[in-house]
Amino acid sequence: MSVTKEFLQKIKDGQLVVGVIGLGYVGLPLAEAFAAQNVKVLGYDISQNRVDELNAGKSGMRHIADSKVAKMLQQGLFRATTNVADLREADALLIAVPTPLDKYHRPDLSYVISTCETIKDHLRRGQLVVLESTTYPGTTREVMQPILEKSGLIAGEDFNLAYSPEREDPGNPDFETATIPKVIGADNEGGRAMAKAVYDKIVKTVIVSNARTAEATKLVENIYRWINIAAVNEMKIIFEKMDIDIWEVIDAAKTKPFGFHAFYPGPGVGGHCIRIDPYYLTWKAREHGLATHFIELAGEVNTKMPRRIISRLLEEMSLRHQKALGGSKVLLCGLAYKKNIDDMRESPSLELIHILKEHGAHVSYYDPWIPQIPVTREHPELAGMESIEWTDAALKKFDAVVIATDHSNVAYEDLCKQIPLIIDTRNTLRDHHEKYGDKIVKA
Ligand SMILES: NC(=O)c1ccc[n+]([C@@H]2O[C@H](COP(=O)([O-])OP(=O)(O)OC[C@H]3O[C@@H](n4cnc5c(N)ncnc54)[C@H](O)[C@@H]3O)[C@@H](O)[C@H]2O)c1
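Numbers given for residues are sequential positions, taken from 1 along each chain in its written order. Where local features are concerned, this predicted model is filtered to residues with pLDDT of at least 70; where side-chain atom pairs are given and counted, the filter is 80 or more; whole-chain, interface and lining totals use all residues.

Caption draft 1: Structural detail: the site of the ligand. In the vicinity of the ligand lie 26 residues, with Gly22, Gly24, Tyr25, Val26 and Ser133 positioned nearest. Where helices and strands are cited, they refer to DSSP runs of H or I of at least four residues and of E of at least two residues respectively, numbered from the N terminus. Ranked by the residues each element gives to the shell around the ligand, the list is headed by helix α5 (residues 110-120), at 3 residues. Looking at side-chain class alone, the shell around the ligand contains 12 nonpolar, 10 polar and 4 charged residues. As a rule, any residue with its backbone-derived C-beta atom within 6 Å of a molecule or strand is reported as near that molecule or strand. Residues are grouped as follows: nonpolar covers Ala, Val, Leu, Ile, Met, Phe, Trp, Tyr, Cys and Pro; charged covers Asp, Glu, Lys and Arg; every other residue, Gly included, is treated as polar.

Here it is as C-alpha cells:
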C-alpha cells in the first residue's frame, strides 16, 4: 500500500496521532483543536519550562483557559514532551516554531532549520510533515525538503511534505480554529490528500493548492494589513492638520456596503506577524532582482508612528500645561500589541516607553494582562518594569497618559478623572468626550 493510502486508512480507522512542534500561541490552540475532535496529540517543545507548565495543566497564556489544557490531559488526548524520539509515534508533524527577522531585517529561519535537523533523525516512512510558521515562498521545498531527505527517506515517496499557514487571531472571540478556513499546499497529490484529510478533522473549509502558493497566500494577507494600516496612519496625520477626525471618517466610510474595508490608525504596528512577515517577501524578491516598494514605504510610515505620538504629547504638554516632557510623570496604558491579549512581541508600546525615557520623562505603565515586562529582543533594557497598581492615588501622580492599547477590562473613566492630559491613540475614549473632552487628545 502507498504511504498515502496507509495514512488515509489510519484516519478512517480513527487512529491518527498528531505531533505539534512548538507549543506557543499557534501550536497550543492547534493541539486543542485536534484533541477536541478526539485526535491524540503529542506536543513537542524545546523549552522544558513550557512542557512542564502544559503537563501541569497550565496554558501559560491568559487568553487560553487552563481548564482547556487540563481537560485534554485528563482525557488522555494530550501530552507534552521534550523528547523528540517520541514524535515517531505521530503520523502528522505540524511545525509552529518562530520565524522572526534578524537584526538586518532578513528572515531568520534558524528555528525551522533546527526543527528539521532534529526531526530528520526520527522521521519514519509514512509520516506527513507540515510547516505552519509564516515564511517566504519556497521554504518548504528549498529549505525543509533537503534537510528532511538527509534521513534517507524521499519526499513524495516515503513521507510527504506540506505547508499550511496559521491564521490564528489570538483573543478574537468571533473566530476559532474550526471556523477559520485553512489553506494547505503540497507539491504532489499524496501530500495534498494527506494534509487535507488531517485538517478536515478540525476545520470546516480547507483550500488546497501547491506549497509556494500557500506560502505566498499568508504573506499577501499580512502585507495587505501592513500597507492598509500605513495608509490610514498617514491619512490620520494629514486629516489632523485639516481638523478632520479620521475615526469619524472611517466610521462613515465603512457604511459603504462594498469595496471598503476599515483599517484603524494606532501608535505603530506590533506583533509577531504583521510587523515581520512582509519583510520575508522583501528578502525573497531580491533574489529575483525585484524591490517591494509598497512594503518598504508602509514600513517607513508605520515605524515613525511612535515618535509622532510622543511629539504630539510633547506639543500638548507645552501648549496646555507649559510643561516639558523631561521630568514629567507619564503613564503608558496598554503594553500588548493589541487588545485583550498578553502578547507584547514587537509592541509599539515598548518603543513609546523607550522614546519617553529618551526625553527624560519618568515613565510607568499599566497593563492588566502583563504584570511585568520580560526580556525582549528590541528593548531588553525595559525588562523587569512592573505594571502600576490601578488606584486613584497612583493615577493622580501622573502629568499625562498615553493610551496605546484599547484593552476592554480597563476603567478608562478613572484616567479621565485623575490625569490632566490623555493622548488617545486608539479612540478608546470615544464615549467620554462630552464629559472630559478638554483633557483628551486623539493622536
Ligand atoms: N501568534 C500569532 O498570532 C500567529 C498568527 C499566525 C501565524 N503565526 C506564525 O506562527 C509561528 C509561531 O508563532 P507563535 O506566535 O506560536 O510563537 P511562540 O513564540 O508563541 O511559540 C513558539 C514555540 O516554539 C518553541 N520552539 C522554538 N524552537 C523550537 C524547536 N526547534 N523545536 C520545538 N519547539 C521550538 C518555543 O519554545 C515556543 O514555545 C510563527 O511563524 C508566526 O509568524 C503566529
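Alright, that's what it looks like, and here's the rest.
Caption draft 2: How the structure looks around the environment of Phe7. Among the secondary structure elements, Phe7 is positioned in helix α1 (residues 3-12). Along the primary structure Phe7 and Met194 are separated by 187 residues, whereas in three dimensions their C-alpha atoms are 6.9 Å apart. Not counting residues up to four positions away in its chain, the partners in contact with Phe7 are Asp91, Gly126, Leu128 and Met194. Residue pairs qualify as contacts under a 7 Å threshold applied to their C-beta atoms, which are placed from the backbone.

Caption draft 3: Fine view of unusual backbone geometry. Although it is not a glycine, Gln322 adopts a positive phi angle of roughly 50 degrees. By secondary structure assignment, the location of Gln322 is in the loop between α11 (293-321) and β9 (329-333). Judged by local crowding, Gln322 falls into the exposed class, with 7 C-beta atoms found within 10 Å. For Asn340, which is not a glycine, the phi torsion comes out positive at approximately 65 degrees. Looking at the element boundaries, Asn340 is found in the loop between β9 and α12 (348-358). The burial label depends on the number of other C-beta atoms within 10 Å of a residue's C-beta. Counts of 20 or more mean buried, 12 or fewer mean exposed, and intermediate counts mean partly exposed, with C-beta atoms placed from the backbone. On the basis of neighbour count, Asn340 is assigned to the partly exposed category, with 18 C-beta atoms found within 10 Å.

Caption draft 4: A look at the nonpolar core. Linking buried Ala, Val, Leu, Ile, Met, Phe, Trp, Tyr and Cys residues through C-beta atoms within 7 Å yields a set, and such a set is a nonpolar core. In terms of nonpolar packing, the biggest core is built from 59 residues, with Leu94, Leu128 and Val130 touching the most fellow members. Looking at which element gives the most residues to this core, the answer is helix α2 (residues 27-36), with 6 residues. Each residue touching Val130, except ones within four places of it in the same chain, is listed here: Ala92, Leu94, Ile95, Ala162, Tyr163, Ser164 and Ala195. Of all hydrophobic cores here, the second largest spans 41 residues; its members include Cys333, Leu350, Tyr365 and Val401.

Honestly, that's just the spatial picture; any functional story needs more than this.
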